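Each chain, written out:
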Amino acid sequence: MSGRKPGVPSIGTLLLAALLALACGAPTMSQLKALVRASFPGVPQMSIEELDRRLEEAPPPLVIDVREPFEYEVSHLPGAVHAQGGDIAEVVAAADPDRPIVLYCSVGYRSSAAVADLIQLHDPDIFDRVWNLEGSIFEWANSGRPVYRGDVEVDRVHPYDGQWGKLLEPHLRP
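Described below are features of the structure shown in this document. In this text, all values refer to a predicted model and were calculated from it rather than measured experimentally.

Moving on to unusual backbone geometry. A cis amide bond, omega -10 degrees, links alanine 58 with the succeeding residue proline 59. Along the chain, proline 59 falls in the loop between helix H3 (48–54) and strand E2 (62–65). Positive phi outside glycine occurs at serine 136, with the angle close to 45 degrees. Position of serine 136 among the secondary structure elements: in helix H7 (residues 136–142). Despite not being glycine, tyrosine 160 shows a phi value in the positive range, around 70 degrees.

What follows is about the nonpolar core. Ranked by internal contacts, the top residues of the largest apolar core, which has 48 residues, are Leu77, Leu103 and Phe138. Examining the composition of this core, we find that 7 residues originate from one element, helix H6 (residues 109–121), more than from any other. In this structure, phenylalanine 138 is in contact with Met29, Ser106, Val107, Val157, His158, Pro159, Trp164, Leu167 and Leu168, ignoring residues within four places of it in sequence.

A word on the pairing of E2. In E2, alternate side chains face the same way, and those of Leu62 and Ile64 on one face and Val63 and Asp65 on the other are all buried. Looking at chain direction, E2 and strand E3 (residues 81–82) are connected through 2 bridges and run parallel. Paired with aspartate 65 across the bridge in E3 is histidine 82. Handedness of the crossover joining E2 and E3 through helix H4 (residues 69–74): right-handed.

Looking now at the pattern of salt bridges. A full pass over the atoms with the stated rule returns 9 salt bridges. Where glutamate 134 meets arginine 37, a salt bridge forms, and the shortest distance between an N and an O atom there is 2.6 Å. Pair noted here: glutamate 134 is in the loop between strand E5 (130–133) and H7 and arginine 37 is in helix H2 (residues 29–39), with a separation of 97 residues, a long-range link. The exposure class assigned to arginine 37 is partly exposed, which follows from its relative accessible area of 43%. The salt bridge involving arginine 54 is made with glutamate 50; its shortest N-O contact spans 2.7 Å. Of this pair, arginine 54 and glutamate 50 both sit in helix H3, 4 residues apart, which is roughly one turn of the helix. On the basis of relative accessibility, which here comes to 18%, the residue arginine 54 falls in the buried class. Taken together, the salt bridges that share partners define one network made up of Glu50, Arg53, Arg54 and Glu57.

Quick notes on the rules
Residues numbered from 1 in each chain as written. Predicted model: local features only at pLDDT ≥ 70, side-chain atom pairs only at ≥ 80, totals over all residues. Heavy atoms only, no water. Helix = DSSP H or I, 4+ residues; strand = E, 2+ residues; numbered from the N terminus. Core = buried A, V, L, I, M, F, W, Y, C linked by side-chain atoms within 4.5 Å. Buried < 20%, exposed > 50% of the residue type's maximum accessible area, 1.4 Å probe, protein only. Contact = heavy atoms within 4.5 Å. Pairing = 2+ DSSP bridges. Right-handed = clockwise from strand over helix to strand, strands pointing away. Salt bridge = Lys/Arg side-chain N within 4 Å of Asp/Glu carboxyl O.

Rendered as structure tokens:
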């Protein structure tokens, strides 16, 4: 038994679905967002507009980048911390319990899986304060919002690979 809730797909299943979508032609961001929502119906989604607004509040949400370290090193959202695997749960457990938490990756697959895992691991109260960033860093950067390397604003986003990178505006690709 994997411990995963029934109806929540494994990351392998999710990636297979994404690869099939890519094989049939590069999906649009709207199609990917719909696939994420359908694949993770129990995961709350936050729009980039909502996160942008909430980053101006005190305290701002805790923003966690769940991508690979080499992706995070190219650029990340303002104030984002990097965490993967079990480290995500540790970062969340150490956070102020009244602070909202937003996870993101490239397009929202990996971060939705991480949010699903957090909801499964923690008491039900976490559901009211944890979200996946819908469209993740690709949609954030494509909208003209800033990304950073450390504390320096940059104009590049790691494309994940050649196929996924097509979802980024050309000027954002390394």
